[in-house]
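Take a look at the letters that make up each chain.
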Amino acid sequence: MSDSEMADKLSSGPPAAEQMNPTSTNGMPMNDLPTAETFEKIFFELRKVIVGQSRLLERLLVGVLCRGHCLLESVPGLAKTLAAETLANVVGGSFARIQFTPDLLPSDIVGTRIYRAGSETFDVELGPVFVNFLLTDEINRAPAKVQSALLEVMAEQQVTIGGITHPVEPPFFVVATQNPIESEGVYQLPDAQRDRFMMKIVLDHPTADEEMTILDRMAVASAAPTPNQVINLDELIALQARADEVFVDRSVMQYAVDVVQCTRYPDRYNLADLGSVIGLGASPRASLNLVKGARAMAMLRGRTYATPQDVFDLAPEILRHRLLLTYDALARDITPDHIIQRILATVPANWVSPKPNAVFGRS
């Protein structure tokens, strides 16, 4: 297969994947309409401020529901900061933004001890990470110590200063951004540390119509839209707990495992040609996040069960930063997205329901 064929072969859905909704024992469709209406209100408020970028908004909500963290990559000016701040306002959470620079220290983000001469004691000054929604702008501009300090609080949900542990209040959600066009003064985030982010979301420029809408909205400063708060933090934590209870059939888990296994052993799935371009496949975190993300995606779509389509839709964001490519792939201009689309077009998915035709009243 030629390089262009490998790069262009895309898929719109999992092969043999379900397109039917499973039914409950009483024949009524299983759904969660009240929760779906809540999310629709959240999306409405987000879209009042953010033009386009629907995929970004949906993935950010998935990350929040899964208690994961997101890495955003795009050129400047595509509303990354605005999206994170607007989401915090809609759900009633506190928000902070840290601009990463080469001279930043770990204590600048997690906090430090300050000596009080009057009382001859040390007080702890907590850093800006102690918020619900944290935006770390241009994470690849900070040195390794700062990146590691951020990733530690992301994973442990706590900070230790002077031998005392200070937990961050839930929910805690980190959105890190990086600019792919800069190469000077940049400390590239290591592959092993990128793996700690649940998703890597790549943004593209708005369309001509969307850019015209942006101009219309920003033409009058006083008319700039302001989002309303839809839920509070307690309700958001309850939604996170509900996401954990979404039913995932074993066949859906198997599809997620097969997709991840294909990144490690492509020859087992009739994709032996990918063996020369994949240096290292996805880690077990990919399987875990595919299943967790499918649960959250099902909630957003008003269902109480996950489907292979949910796994399929989230696979690019969850896998693209977990694939290590070979020099051969880089020389042939093959990207992780090209490989992921080949895998999704090949790995089959099973039906969620053992009787899919029952939806149509056929046996």
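Report follows, based on the coordinates. Residue positions are counted from 1 within each chain, in the order its sequence is given. The predicted origin of the model limits local features to residues at a pLDDT of at least 70 and limits the giving and counting of side-chain atom pairs to 80 or more, whereas totals for whole chains, interfaces and linings rest on all residues. Values reported for side chains reflect all heavy atoms of the structure, with hydrogen atoms and water molecules removed beforehand.

### A look at the layout of surface pockets
Then, number 1: Computed from the structure, the largest pocket encloses a volume of approximately 560 Å³.
Then, number 2: With a 1 Å grid laid over protein atoms only, a set of points is called a cavity when a 1.4 Å probe fits there but cannot get out and a pocket when it is open yet has protein on both sides within 12 Å along at least five of seven lines; lining residues have an atom within 4 Å of a point. For the largest pocket, the lining is made up of 23 residues, of which Arg194, Lys200, Arg320, Leu330 and Pro336 are closest to its centre.
Then, number 3: Listed by contribution, the elements that provide at least two residues to the lining of the largest pocket are α7 (191-194), β9 (199-202), β11 (324-325), α13 (327-331) and α14 (336-346).
Then, number 4: By residue class, the composition of the lining of the largest pocket is nine nonpolar, six polar and eight charged. Grid points are joined across faces, edges and corners, and a volume is the space filled by probe spheres set on the points. Helix and strand assignments follow DSSP, with helices taken as H or I runs no shorter than four residues and strands as E runs no shorter than two, numbered in order from the N terminus. Under this grouping Gly is polar, as are all residues other than the nonpolar Ala, Val, Leu, Ile, Met, Phe, Trp, Tyr, Cys and Pro and the charged Asp, Glu, Lys and Arg.

### Topic: the packing of helix α3 (residues 54-65) against helix α11 (residues 284-300)
Then, number 1: Where α3 meets α11, the axes come as close as 9 Å, and the angle between the chain directions of the two elements is 120 degrees. Accordingly, the angle class assigned to the pair α3 and α11 is oblique. Judged by the twist between their axes, the crossing of α3 over α11 is right-handed. Residues Glu58, Arg59, Leu61, Val62 and Leu65 of α3 form the contact with α11, whose own contacting residues are Gly293, Ala296, Met297 and Leu300.
Then, number 2: Here the residues of the contact of α3 with α11 sort into six nonpolar, one polar and two charged. Only the stretch in contact is used when a helix axis is fitted, and all axes are lines through C-alpha atoms; the angle between N-to-C directions ranges over 0 to 180 degrees. In these notes the angle categories are as follows: under 35 degrees is roughly parallel, over 145 is roughly antiparallel, 65 to 115 is roughly perpendicular, and the rest is oblique. Helix crossings fall into two classes, left-handed where the near helix is turned counterclockwise from the far one by less than a right angle and right-handed where it is turned clockwise. Only heavy atoms matter for contacts: two residues are in contact if any of them lie within 4.5 Å across the pair.

### A word on the environment of valine 291
Then, number 1: Position of valine 291 relative to the elements: it lies in helix α11.
Then, number 2: Sequence spacing of valine 291 and cysteine 66 is 225 residues, and the spatial spacing of their C-alpha atoms is 9.9 Å.

### Things to note about helix α4 (residues 80-90)
Then, number 1: Accessible area is worked out with a 1.4 Å probe on protein chains only. A residue is then buried under 20% of its type maximum, exposed over 50%, and partly exposed in between. Residues of α4 that are buried include every one of Lys80, Ala83, Ala84, Thr86, Leu87, Ala88 and Val90, and no others.
Then, number 2: Residues of α4 that are buried make contact with α2 (33-49), α3, β1 (70-73), β2 (95-99), β5 (133-137) and β8 (173-178).
Then, number 3: Positive phi shows up at glycine 92, right after α4, with a value of about 75 degrees.

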